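Survey of secondary and tertiary structure
Each chain, letter by letter, is given below.
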Amino acid sequence: MSVNKIIKRVTTNTILAMKANGEKVSMLTAYDYSTARALDEAGIDVLLVGDSAANVFAGYETTLPITLDHMIYHASAVARGAKRALVLVDLPFGEYQGTAEDAFKSAVRMMKESGAHALKLEGGVEILDNIKKIIDAGIPVCGHLGLTPQSINKFGTFGVRAQEEAEAEKLKSDALALQEIGCFAIVLEKIPAKLATEVSESLSIPTIGIGAGNGCDGQVLVVNDMLGFTKDFKPKFLRRYMEMYDGIVEAAAKYAEDVKSGNYPNESEQY
């Protein structure tokens, strides 16, 4: 039986049990109350309040401009809409890359003000002490390795990461280090499928892939991409389950036509 079907609230323990049970973890991003309610009802295990809100919600080119205040706003809306899913939130750029004390303060503020259940931080051994301080305070942390969008100016490209042996070896050691200090899961973004499978099999905590193949313990997509709301974004790993952009354009055009013709509202639509 699915682990997810016998619990009232998905927790970090649920996610770990799903890995042990061989059950894949479903994760989608969410940035608002209404979307969170719908995804929660659909049975999605984890709602990720991603700093990708900077891209799909606010129209920025990168995730860097979004602030802690912005993320708390989005996360609190999602937390109010999610009755069953675990709510995981990105700490935004600049809030945890400095001192461990600064990272801890940002993490505590996010947890206290948003109602989220866990945090996601990008990076490996470089920020290990900062992550450990957050975990030691009782705050669950999900790691994030591979393509880490907050480091886009360092990479200079959104291309596949860890294709060379040195970077692949570092990613494997980073994953083990994150597990060792107590991370409950790790997102693997845009790395070779063979490497992602190897990392997943080496860990006792689940991996969540995005552009990392089918060997991960779960998958995540940006909900706007999956629903076809972001019309021009077409990476190889993306599967669209709707064409929402075209549907909205068609519906809005019909509404405008009905308003201008006097067809809306009709007699049954007025008091």
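See the structure printed just above.
Here the structure is a predicted model, which is why all the values come from computation and not from measurement. (Residues numbered from 1 in each chain as written. Predicted model: local features only at pLDDT ≥ 70, side-chain atom pairs only at ≥ 80, totals over all residues. Heavy atoms only, no water.)

1. A few points about a nonpolar patch on the surface
A cluster of nonpolar side chains, Phe229, Tyr245, Ile248 and Val249, forms an exposed patch at the surface whose accessible area comes to about 330 Å². By secondary structure assignment, the location of tyrosine 245 is in helix α11 (residues 244-261). On the accessibility criterion, tyrosine 245 (36% relative accessible area) is partly exposed. (Patch = residues over 30% accessible without salt bridge, like charges linked within 9 Å, V, L, I, M, F, W, Y side chains within 5 Å. Areas by Shrake-Rupley, 256 points an atom, 1.4 Å probe, with all protein chains shown as cover. Salt bridge = Lys/Arg side-chain N within 4 Å of Asp/Glu carboxyl O. Helix = DSSP H or I, 4+ residues; strand = E, 2+ residues; numbered from the N terminus. Buried < 20%, exposed > 50% of the residue type's maximum accessible area, 1.4 Å probe, protein only.)

2. Let's talk about the sheet that holds strand β2 (residues 46-49)
Pairing within the closed barrel is parallel, and its 8 strands lie in the order β1-β2-β3-β4-β5-β6-β7-β8. Neighbour-to-neighbour, the strand axes of the sheet open up by a mean angle of 25 degrees, direction not taken into account. When strand β3 (residues 86-90) meets strand β4 (residues 118-120), the two strands line up parallel, connected through 3 bridges. Following the sheet pairing, valine 89 is matched in β4 by leucine 119. (Pairing = 2+ DSSP bridges. Axes fitted to C-alpha atoms, helices over the stretch in contact; angles between N-to-C directions.)

3. Structural notes on the packing of helix α6 (residues 128-136) against helix α8 (residues 165-181)
Between α6 and α8, whose axes approach to 10 Å, the crossing angle comes to 25 degrees. Judged on the interaxial angle alone, α8 and α6 are roughly parallel. Once α6 is placed against α8, the crossing between them reads as right-handed. On the side of α6, the interface is formed by Leu128, Ile131, Lys132 and Ile135, while α8 contributes Ala177, Leu178 and Ile181. (Parallel < 35°, antiparallel > 145°, perpendicular 65-115°, else oblique. Left-handed = near helix turned anticlockwise from the far one by under 90°. Contact = heavy atoms within 4.5 Å.)

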